[in-house]
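Observations on the model geometry
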Amino acid sequence: MTVLLALLTAPMGPPPMVEFAPDQRRGDQMRALQARKEGNLSLREIEARVVPMMRDAQYIGFDYDAGAAIYTLKFLRNGTVIWVEVDGRNGRVIGRTDG
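Our subject in this report is the structure included herewith. Quantities reported herein were computed from a predicted structural model and do not represent experimental measurements.

**Side note on the sheet that holds strand β1 (residues 58-65)**
Pairing is antiparallel in the open sheet, where four strands are placed in the order β1-β2-β3-β4. Both edges of this open sheet fall to β1 and β4 (93-98), since each of them pairs with a single strand only. In this sheet, adjacent strand axes meet at a mean angle of 20 degrees when their direction is disregarded. Judged from the seven bridges that link them, β1 and strand β2 (residues 70-77) form a sheet pairing that is antiparallel.

Encoded structure:
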């Protein structure tokens, strides 16, 4: 009980930084490469279509869902993260979330 009370009343520091492991990023890249071999558009082709539409935002990376063949490109604008979902088979934007 004393330990729990100490934990509950201890001052809290800043929240820990969340970092993506290099293995996770490499996994997304490998899945995207495999999808390219299967006829889907490459990440570079997807970026060439979407990044110019987001002129006022900073491109910060992507995720790839191999099962659905969906690229999710991440952008940052004025402190807000924006996710743009793109169909990897044809390059069409299928969703967008502005924070």
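**Observations concerning the nonpolar core**
In terms of nonpolar packing, the biggest core is built from 16 residues, with Val50, Tyr71, Leu73 and Phe75 touching the most fellow members. Elements with a contribution of two residues or more to this core: α3 (43-50), β1, β2 and β3 (80-87). Apart from the residues within four sequence positions on either side, valine 50 is in contact with Leu73, Phe75, Val84, Val86 and Val93.

**Here's the deal with the packing of aromatic side chains**
Aromatic ring pairs are reported here in terms of the distance separating the ring centres and the angle at which the planes meet. A full pass over the atoms with the stated rule returns three aromatic pairs. Ring centres 5.3 Å apart and planes at 45 degrees place the aromatic pair tyrosine 59 and phenylalanine 75 in the tilted group. One end of the pair, tyrosine 59, is in strand β1; the other, phenylalanine 75, is in strand β2, and 16 residues separate them in sequence. Since its relative accessible area comes to 26%, tyrosine 59 is described here as partly exposed. Phenylalanine 75 sits in the buried class, given a relative accessible area of 0%.

Cut-offs used in this document
- Residues numbered from 1 in each chain as written.
- Predicted model: local features only at pLDDT ≥ 70, side-chain atom pairs only at ≥ 80, totals over all residues.
- Heavy atoms only, no water.
- Pairing = 2+ DSSP bridges.
- Helix = DSSP H or I, 4+ residues; strand = E, 2+ residues; numbered from the N terminus.
- Axes fitted to C-alpha atoms, helices over the stretch in contact; angles between N-to-C directions.
- Core = buried A, V, L, I, M, F, W, Y, C linked by side-chain atoms within 4.5 Å.
- Buried < 20%, exposed > 50% of the residue type's maximum accessible area, 1.4 Å probe, protein only.
- Contact = heavy atoms within 4.5 Å.
- Phe/Tyr/Trp six-rings, centres within 6.5 Å; stacked < 30°, edge-to-face > 60°.

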